[in-house]
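Given next are the chains, with one letter for each unit.
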Amino acid sequence: AQKVTQAQTEISVVEKEDVTLDCVYETRDTTYYLFWYKQPPSGELVFLIRRNSFDEQNEISGRYSWNFQKSTSSFNFTITASQVVDSAVYFCALEGFHTGGFKTIFGAGTRLFVKA
Amino acid sequence: DTEVTQTPKHLVMGMTNKKSLKCEQHMGHRAMYWYKQKAKKPPELMFVYSYEKLSINESVPSRFSPECPNSSLLNLHLHALQPEDSALYLCASSHRDSGNTEAFFGQGTRLTVV
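Described in the following lines is the structure provided in the data block. Along each chain, the written sequence defines residue order, and numbers are assigned to residues from 1. Chain letters and ligand numbers both follow the written order, the letters beginning at A and the numbers at 1. Predicted model: local features are reported for residues with pLDDT of at least 70 only, side-chain atom pairs are reported and counted for 80 or more only, and whole-chain, interface and lining totals are derived from all residues. Each side-chain value is worked out from all heavy atoms of the structure, with water and hydrogens disregarded.

1. Focus on the layout of surface pockets
- Within this scheme a cavity is a closed region of a 1 Å grid, computed over the protein atoms alone, that accommodates a 1.4 Å probe without allowing it to escape, whereas a pocket is open but has protein on both sides within 12 Å along at least five of seven lines; lining residues each have an atom within 4 Å of a point. Grid points are joined across faces, edges and corners, and a volume is the space filled by probe spheres set on the points. Its boundaries defined by the atoms lining it, the largest pocket holds a volume of some 580 Å³.
- Gln-39, Val-89 and Arg-111 of chain A together with Gln-37 and Lys-40 of chain B are, among the 27 residues lining the largest pocket, the residues nearest its centre.
- Those elements that place two or more of their residues in the lining of the largest pocket are strand S10 (88-98) and strand S12 (110-115) of chain A together with strand S9 (87-94) of chain B.
- Per the convention used, a helix needs a DSSP run of H or I reaching at least four residues, while a strand needs a run of E reaching at least two, with both numbered from the N terminus. The element that contributes the greatest number of residues to the lining of the largest pocket is S12 of chain A, accounting for four residues.

2. Quick notes on the sheet that holds strand S3 (residues 18-25) of chain B
Residues and elements named next belong to chain B.
- By the convention used here, strands pair only if DSSP detects at least 2 bridges between them. Strand order in the open sheet formed by four strands is S1-S3-S8-S7, with antiparallel pairing between adjacent strands. The open sheet has two free edges, formed respectively by strand S1 (4-7) and strand S7 (64-70), since each of these has just one partner strand. Strand-to-strand twist of the sheet, defined as the mean angle between neighbouring strand axes without regard to direction, takes the value 20°.
- Bridge analysis of S3 against strand S8 (residues 73-79) gives seven bridges, and the strand direction is antiparallel. Of the residues in S8, the one forming a bridge with Leu-21 is Leu-76. Axis lines are fitted to C-alpha atoms, over the contacting stretch for helices. Their N-to-C directions set the angle, which ranges from 0 to 180 degrees.

3. Here we look at the interface of chain B and chain A
- In what follows, residue pairs with any heavy atoms lying within 4.5 Å of each other are defined as contacts. Listed as interface residues are 23 residues of chain B and, on the opposing side, 24 residues of chain A.
- Note on terms: buried area is the combined drop in 1.4 Å-probe accessible area of two parts once they are placed together, counting the loss on both. Of the roughly 1,800 Å² buried where chain B meets chain A, counting both sides, 53% is carbon and sulfur surface.
- Take a side-chain nitrogen of Lys or Arg and a carboxyl oxygen of Asp or Glu: if they are within 4 Å of each other, that pair is a salt bridge. Applying the counting rule to chain B against chain A returns two salt bridges.
- Across the pair Glu-58 of chain B and Lys-103 of chain A runs a salt bridge, and its minimum N-O distance is 2.7 Å.
- Here a polar contact is recorded for every N or O atom pair within 3.5 Å, except that within protein the pair must consist of a potential hydrogen donor and a potential acceptor, and residues adjacent in sequence are included only if both atoms are side-chain atoms. Taken together, the connections running from chain B to chain A amount to four residue pairs in polar contact (both at pLDDT 80 or more).
- Elements with a minimum of two residues in the side of chain B that touches chain A: strand S4 (31-37), strand S6 (53-57) and S9 of chain B.
- Only Asp, Glu, Lys and Arg are considered charged in this grouping, and only Ala, Val, Leu, Ile, Met, Phe, Trp, Tyr, Cys and Pro are considered nonpolar; every other residue, Gly among them, is considered polar. Considering only residue class, the side of chain B that touches chain A consists of nine nonpolar, eight polar and six charged.

4. Examining unusual backbone geometry
- Backbone torsion omega between Thr-7 of chain B and Pro-8 of chain B reads -10°, so that peptide bond is classified as cis.
- Mapped onto the secondary structure, Pro-8 of chain B falls in the loop between S1 and strand S2 (10-13).
- The phi dihedral of Lys-16 of chain A is positive, around 85°, even though this residue is not glycine.
- Assessed through its relative accessible area of 69%, Lys-16 of chain A is described here as exposed. Residue burial is assigned from relative accessible area. The probe radius is 1.4 Å, only protein chains are included, and a residue is buried under 20% of its type maximum, exposed over 50%, and partly exposed in between.

5. Quick word on the pattern of salt bridges
Residue and element names in this part refer to chain A.
- In total, this model carries eight salt bridges over all chains according to the counting rule given.
- Across the pair Glu-59 and Arg-51 runs a salt bridge, and its minimum N-O distance is 2.9 Å.
- Residue Glu-59 is classed as partly exposed on the basis of its relative accessible area of 29%.
- Each of Arg-51, Asp-55 and Glu-59 takes part in salt bridges that share partners, so that together they form one network.

6. Here we look at the state of the cysteines
- Count a disulfide wherever a pair of cysteine sulfur atoms falls within 2.5 Å. Under the counting rule described, the total for this entry stands at two disulfides over all chains.
- At a sulfur-sulfur separation of 2.0 Å, the disulfide partner of Cys-23 of chain A is Cys-92 of chain A. Classification of the bridge connecting Cys-23 of chain A and Cys-92 of chain A rests on its S-S torsion, roughly -65°, and on that basis the disulfide is left-handed. In this pair, Cys-23 of chain A sits in the loop between strand S3 (19-21) and strand S4 (24-26) while Cys-92 of chain A sits in strand S10, placing the two residues 69 residues apart along the sequence. Summarising the burial analysis for this pair, Cys-23 of chain A and Cys-92 of chain A share the class buried.
- Bridging Cys-23 of chain B to Cys-91 of chain B, the disulfide has an S-S length of 1.8 Å.

This is the structure we're talking about:
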């Protein structure tokens, strides 16, 4: 079975602090894909990053960085110098092949509050 | 155009009503999805359409009936819903359903069943 665990339900930081959102996944597949999405109060999910299971390179995009470690089945997300606009719910997701096609399952989400 | 447009944004319906949710994208994506999201919960996959054919149905009750009239449109027909079906219904699309491709989401329809 596939599973995504985001143990942090809510995190509150003050603007300009760095914050790391944790994601641990379980899968028996050798080929799978990991994602992070942001969900602001408006409701739509905004894609942030995709990683396939064969690419463990860490990635940095502006203030965002991701640390993928297969050895610990983790795909953590760090926001550097957080801003109020970063306040949202962040979902880690795992995509793998199931009968009929690829399916994405989401972690429970981490609600991030960034205070001015 | 990188948008997925969902209408209506809000819907209140009685348990005996029939209504439809609509989703449209013009990005040339060939996979489209319906998700259901309850308050403070993650999205849960309901249906996947690949090249206008239903490829995944996550054992969704028959009171939810999806339809994909063409590659740009996805509908979700609702009939005899229950109050527990109240949720945010999200539509998404991606280039294909073969993995390794991000999904673009609409803003959702907030459905209330009374």
